[in-house]
Amino acid sequence: MKEKELERLTILKQMEKELYKKGFKNICGIDEAGRGPLAGPVVVAGVIMPEDSMIEGVNDSKKVSEKKRELLYDKILEEAISYSVAIIGQDVIDEINILNATKQGVTNVVKGLDIRPELIIIDALQHINTDGVPYEAIIKGDAKCYSIAAASIIAKVTRDRIMREWDDVYPQYGFIAHKGYGTAKHIQAIKEYGLCPIHRRSFTKNFV
């Protein structure tokens, strides 16, 4: 590993290092992908990484190319002590709103872990049911904490794969390119073809 990358990862792990010093052992990073799109689910992922984990390239998923995310996804799952993924579909998002759907995903993730964490660190969410596990909400956590960054990659890769599958079913919307986000081409396709079953009705009122 190059010195510059080692330095970057050391900084990314600084917050967790402090928590390990305080005596926390199994720290679970949680993040989500897909709060903003007009179609498809929101995906929440949680991961407990070993204290000495230093996977080259782990970063906020938005800063990593799609190809590299796929490679990192495999490496993270190989190294993880435990991980869990929750997929909350568009019907639930429309029913209880995106914030509550994301929070529900967090609860499901915590309950889905093989190992009960001693602490959860999560990107910015507050007032969540973490099944009794204490948590710290960290603003821009995916760019500041190694475990949250790893979780962001798992969530993003999982969601992108789902949207690629939906692209086979509804190719006219171009999901493979924009993954359901509200790009000009996507909005144009909605105006042309109407909504499909995976569109979030509560997100698309302005276009139909």
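Provided above is the structure to which this section pertains.
Everything numeric here is computed off the predicted structure, so don't read it as measured data.

Asks: Residues and numbers for unusual backbone geometry, please.
Replies: At Ala-124, a residue that is not glycine, the phi angle is positive and equals roughly 70°. The topology assignment puts Ala-124 in the loop between strand E4 (119-123) and strand E5 (135-138). The partly exposed category is assigned to Ala-124, whose relative accessible area is 37%.

Asks: How would you summarise helix H5 (residues 98-112) if you had to cite specific residues and measurements?
Replies: Over its 15 residues, H5 extends 21 Å from the first C-alpha to the last, a length consistent with the 21 Å expected when each residue adds 1.5 Å. Turning to H5, its buried residues are Ile-98, Ala-101, Thr-102, Lys-103, Gly-105, Val-106, Thr-107, Val-109 and Val-110. Looking at the buried positions of H5, the neighbouring elements they touch are strand E1 (27-33), strand E2 (42-48), strand E3 (82-88), helix H4 (90-96) and E4. The backbone nitrogen of Leu-99 has a side-chain oxygen 3.0 Å away, supplied by the residue at the start of H5, namely Asn-97.

Asks: So what about the packing of helix H3 (residues 66-79) against helix H7 (residues 146-169)? Which residues, and what values?
Replies: With their axes 9 Å apart at the nearest point, H3 and H7 run at an angle of 120° to one another. It follows from the interaxial angle that H3 and H7 lie oblique. The handedness of the crossing between H3 and H7 is left-handed. Seen from H3, the contacting residues are Glu-66, Arg-69, Glu-70, Leu-72, Tyr-73, Ile-76 and Leu-77; seen from H7, they are Ala-150, Ile-153, Ile-154, Lys-156, Val-157, Thr-158, Asp-160, Arg-161 and Arg-164. Considered class by class, the residues forming the contact of H3 with H7 number eight nonpolar, one polar and seven charged.

Basis of the calculations
- Residues numbered from 1 in each chain as written.
- Predicted model: local features only at pLDDT ≥ 70, side-chain atom pairs only at ≥ 80, totals over all residues.
- Heavy atoms only, no water.
- Helix = DSSP H or I, 4+ residues; strand = E, 2+ residues; numbered from the N terminus.
- Buried < 20%, exposed > 50% of the residue type's maximum accessible area, 1.4 Å probe, protein only.
- Expected span 1.5 Å × (residues − 1).
- Contact = heavy atoms within 4.5 Å.
- Polar contact = N/O pair within 3.5 Å; in protein donor to acceptor, adjacent residues only side chain to side chain.
- Axes fitted to C-alpha atoms, helices over the stretch in contact; angles between N-to-C directions.
- Parallel < 35°, antiparallel > 145°, perpendicular 65-115°, else oblique.
- Left-handed = near helix turned anticlockwise from the far one by under 90°.
- Nonpolar A, V, L, I, M, F, W, Y, C, P; charged D, E, K, R; others polar.

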